[in-house]
Amino acid sequence: AGKSGRTAKPNAKSDTAGGASAGDWPQWRGPDRDAVSKDTGLLKQWPQDGPPLVWTASEMGGGYGSVAVTGGRIYVTGDRSGGQNVTCVNASDGKIIWSTPIGKPADGARSTPTVDGDLLFALSSRGNQDAEIVCLETATGNEKWRKNFRSDFNGRMMSNWGYSESPLLYKDWVIVTPGGNQGTIAALDKITGSVIWRSTEVVEGAHYASPQVVTLGGVRQIVQFARSSVFGIDADTGSP
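All of these numbers come straight from a predicted model, not from anything done at the bench.

Focus on the environment of Trp98
- Structurally, Trp98 can be placed in strand 4 (residues 96-103).
- As for Trp98 and Asn142, which are separated by 44 residues in sequence, their C-alpha atoms are 9.4 Å apart.
- Here the side chain of Trp98 touches Thr138 through a polar contact of 3.0 Å, landing on its backbone oxygen.

Things to note about the packing of aromatic side chains
- Here the structure, examined in full by the defined rule, presents five aromatic pairs.
- Their ring planes at 45° and their centres at 6.1 Å tell us that Tyr75 and Trp98 sit as a pair that is tilted. With a gap of 23 residues between them, Tyr75 in strand 2 (residues 73-80) and Trp98 in strand 4 connect regions that are remote in the sequence.
- For Tyr75, a relative accessible area of 3% puts it in the buried group.
- The interplanar angle of 65° and the centroid separation of 5.9 Å between the aromatic rings of Tyr170 and Trp173 together place this pair among those described as edge-to-face.
- Taking relative accessible area as the criterion, Tyr170 reaches 2% and is therefore assigned buried.
- You can call Trp173 buried: its relative accessible area is 15%.
- Through a chain of ring-to-ring contacts, the aromatic side chains of Phe149, Phe153 and Tyr163 assemble into a single cluster.
- Its guanidinium or amino end placed over the ring of Trp28, Arg29 lies 5.6 Å from that ring's centre, counting from NZ or CZ.

Observations concerning the nonpolar core
- In terms of nonpolar packing, the biggest core is built from 17 residues, with Phe121, Ile133, Phe149, Tyr163, Val176 and Leu188 touching the most fellow members.
- Core analysis: the second largest hydrophobic core is formed by 14 residues, Leu168, Val213, Ile222 and Phe231 among them.

A short note on the side chain of Asn148
- Note on placement: Asn148 falls in strand 8 (residues 143-148).
- Residue class for Asn148 comes out buried when judged on its relative accessible area of 11%.
- Within the structure, the side chain of Asn148 is placed 2.8 Å from the backbone nitrogen of Arg150, a separation counted as a polar contact.

Re the sheet that holds strand 1 (residues 68-70)
- Taking strand neighbours across the sheet as the criterion, the four strands line up as 1-2-3-4 in an open arrangement whose pairing is antiparallel. One side of each edge strand has no neighbouring strand; the edge strands of this open sheet are strand 1 and strand 4. Averaged over neighbouring strand pairs, the angle between their axes works out to 25° when direction is ignored.
- Across eight bridges, strand 2 lies against strand 3 (residues 83-90) in antiparallel orientation. Its bridge partner lying in strand 3, Tyr75 is registered against Cys88.

Regarding the confidence of the model for the protein chain
- Averaged over every residue, the pLDDT of the protein chain is 89; the share at 70 or more is 90%.
- Taken together, the stretch residues 1-14 has pLDDT below 50 and engages in 26 contacts with residues farther than four places along the chain or on a different chain.

Reading the values: the criteria
- Residues numbered from 1 in each chain as written.
- Predicted model: local features only at pLDDT ≥ 70, side-chain atom pairs only at ≥ 80, totals over all residues.
- Heavy atoms only, no water.
- Helix = DSSP H or I, 4+ residues; strand = E, 2+ residues; numbered from the N terminus.
- Polar contact = N/O pair within 3.5 Å; in protein donor to acceptor, adjacent residues only side chain to side chain.
- Phe/Tyr/Trp six-rings, centres within 6.5 Å; stacked < 30°, edge-to-face > 60°.
- Buried < 20%, exposed > 50% of the residue type's maximum accessible area, 1.4 Å probe, protein only.
- Lys NZ or Arg CZ within 6 Å of the ring centre and 35° of its normal.
- Core = buried A, V, L, I, M, F, W, Y, C linked by side-chain atoms within 4.5 Å.
- Pairing = 2+ DSSP bridges.
- Axes fitted to C-alpha atoms, helices over the stretch in contact; angles between N-to-C directions.
- pLDDT = per-residue confidence, 0-100.
- Contact = heavy atoms within 4.5 Å.

Pasting the structure below:
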């Protein structure tokens, strides 16, 4: 991936999925969630026959999410063997290290895992009924906790299709979008999964989008769009 031709440029220090070194891609759209690589020494032009093939991997299942790469391992969600799994692959040879079920199949997984040191966060995507945010140990794939968007958060999609979101890390919290009348956005403690805050003044159904943390007007905000609007809420409180 480091030879893909992406232009690397420096980024300001981020409080999202932190700790990434050059070459790491620990979440959707990269270290700072802005699609900018911190890798260096990239080829300005590929050879005529393309870069040499190092290895290929299979049996990770089907889906629409991208990969997270960090610490010499690759993490991806996919529908396989009758369920939706997070699979960990050795980046040096493509061999599967572990694969953990996180939910029922959903016509293709729709979440990119977010990796934070020894923890990983991923979303199973099966519609309004069974979507869950799951925390796994990166070393083993063992489950630490999970929360169901419907039963734990009274969540609601804008349709009957599956959730299509990649979790956002902010401080020691996991930011997700269950939707619904108790608050479209939820901030969860990353160690326990307990609720820190809900965006109780924004109560729309969730859309097919992932939240982003930005500073606008001097205020650190979580920006997201949902059923009817694009909105920004205070990242520390969940208030508009």
